[in-house]
Amino acid sequence: MQEPKPQKNNTPPPIHLLNLKEKIIFKIVWFTNKYLNWYTILHQRIVRFFFNRFFLRHTKTFNIESLAQYPKNSHIILAANHRTYYDNFIVMTQLYNNHKRLPRRCLFPNRSTFYYDTFRGLFTNLIGTGLALFPPIYRQRHQYKFNRFSMDYMVEQLCDKKGIIIAIHPEGTRNDSPDPYSLVKAKTGVGELAIKSPDSILIPIFIHGLSNRLKQEIKYNYSRKSSSQVSVMFGEAIKLDDLRQQEHTKVTYRQATERWVAAINQLAQEHQKTQAE
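Let me begin by describing the structure that accompanies this report. (Residues numbered from 1 in each chain as written. Predicted model: local features only at pLDDT ≥ 70, side-chain atom pairs only at ≥ 80, totals over all residues. Heavy atoms only, no water.)

1. Quick notes on the side chain of Asn 147
Then, in step 1: In this fold, Asn 147 is placed in helix α5 (residues 144-158).
Then, in step 2: Excluding residues that lie within four positions of it along the chain, Asn 147 makes contacts with Pro 136, Ile 137 and Tyr 138. (Helix = DSSP H or I, 4+ residues; strand = E, 2+ residues; numbered from the N terminus. Contact = heavy atoms within 4.5 Å.)

2. What about the packing of helix α2 (residues 37-55) against helix α7 (residues 214-222)?
Then, in step 1: Two numbers describe how α2 lies on α7: the axes approach to 7 Å, and their chain directions differ by 65°. Considering the angle they form, α2 stands roughly perpendicular to α7. Where α2 abuts α7, its residues Phe 51, Arg 53, Phe 54 and Phe 55 lie against Leu 214, Glu 217, Ile 218, Asn 221 and Tyr 222.
Then, in step 2: Tallied by class, the residues present in the contact of α2 with α7 amount to six nonpolar, one polar and two charged. (Axes fitted to C-alpha atoms, helices over the stretch in contact; angles between N-to-C directions. Parallel < 35°, antiparallel > 145°, perpendicular 65-115°, else oblique. Nonpolar A, V, L, I, M, F, W, Y, C, P; charged D, E, K, R; others polar.)

3. Points about the packing of aromatic side chains
Then, in step 1: Here the structure, examined in full by the defined rule, presents 18 aromatic pairs.
Then, in step 2: Geometrically, the ring pair formed by Phe 31 and Tyr 35 is tilted, given 5.0 Å between the ring centres and 45° between the ring planes. With Phe 31 and Tyr 35 both in helix α1 (residues 20-35) and four residues apart, the pair spans about one turn of that helix.
Then, in step 3: You can call Tyr 35 exposed: its relative accessible area is 51%.
Then, in step 4: A ring pair is formed by Tyr 85 and Tyr 86, whose centres lie 6.5 Å apart and whose planes are at 80°; its orientation type is edge-to-face. (Phe/Tyr/Trp six-rings, centres within 6.5 Å; stacked < 30°, edge-to-face > 60°. Buried < 20%, exposed > 50% of the residue type's maximum accessible area, 1.4 Å probe, protein only.)

See below:
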């Protein structure tokens, strides 16, 4: 049974679960995302412009033209496999290059470790995304309740009148398997997010060939002799209408997540076939 769209949530974040340093960092990022959206959007445009120059020549996209149908007021969830620190950067630069009609505001929910418990992480978030690595996802057991606030916040944004893109990794952690086509067992959070935001558009993405060595990637980009190539494959929107009509339980969220992971796996298989030909 489909739930009604959530109303504006005025419940304050449970910052009492955080230590002093975490409180300071969270309040800075929270204030920026709540009142200074224009800054975050402008910063991301600048970063994408320069970051794009590092990957323009050795990155190839597939099926990105399917996103042209979505206007600026769309609510889009992007879910990609996760192998490097730069997965979402490469995805967002490709969107910036190809479809300027898409929503400008982007959020990247991320683990709290480093980004929300060190000032170095806060600085990295500021320089890299304009503090768009938000909301945080906590791994410590005593802070799990904070993740409910993070989920409710994302659902609220996906049900707002203004368009937004939320980029998330179903795996929840980076996959360091030597097999680039493998996936770590996905978390149910991405399924819950999709089920609870009935108007959201769900796009699976598979990324191949990207490494954590940024300097090496830049070198490949400007080297004519290099055969290295990054592939970004966009899938068709996933349909979850049947699951959204059911009772919202953990089982439903798991089924939604598995459907999403299956779509990413299919993209991986398609890419593997193209490499074999």
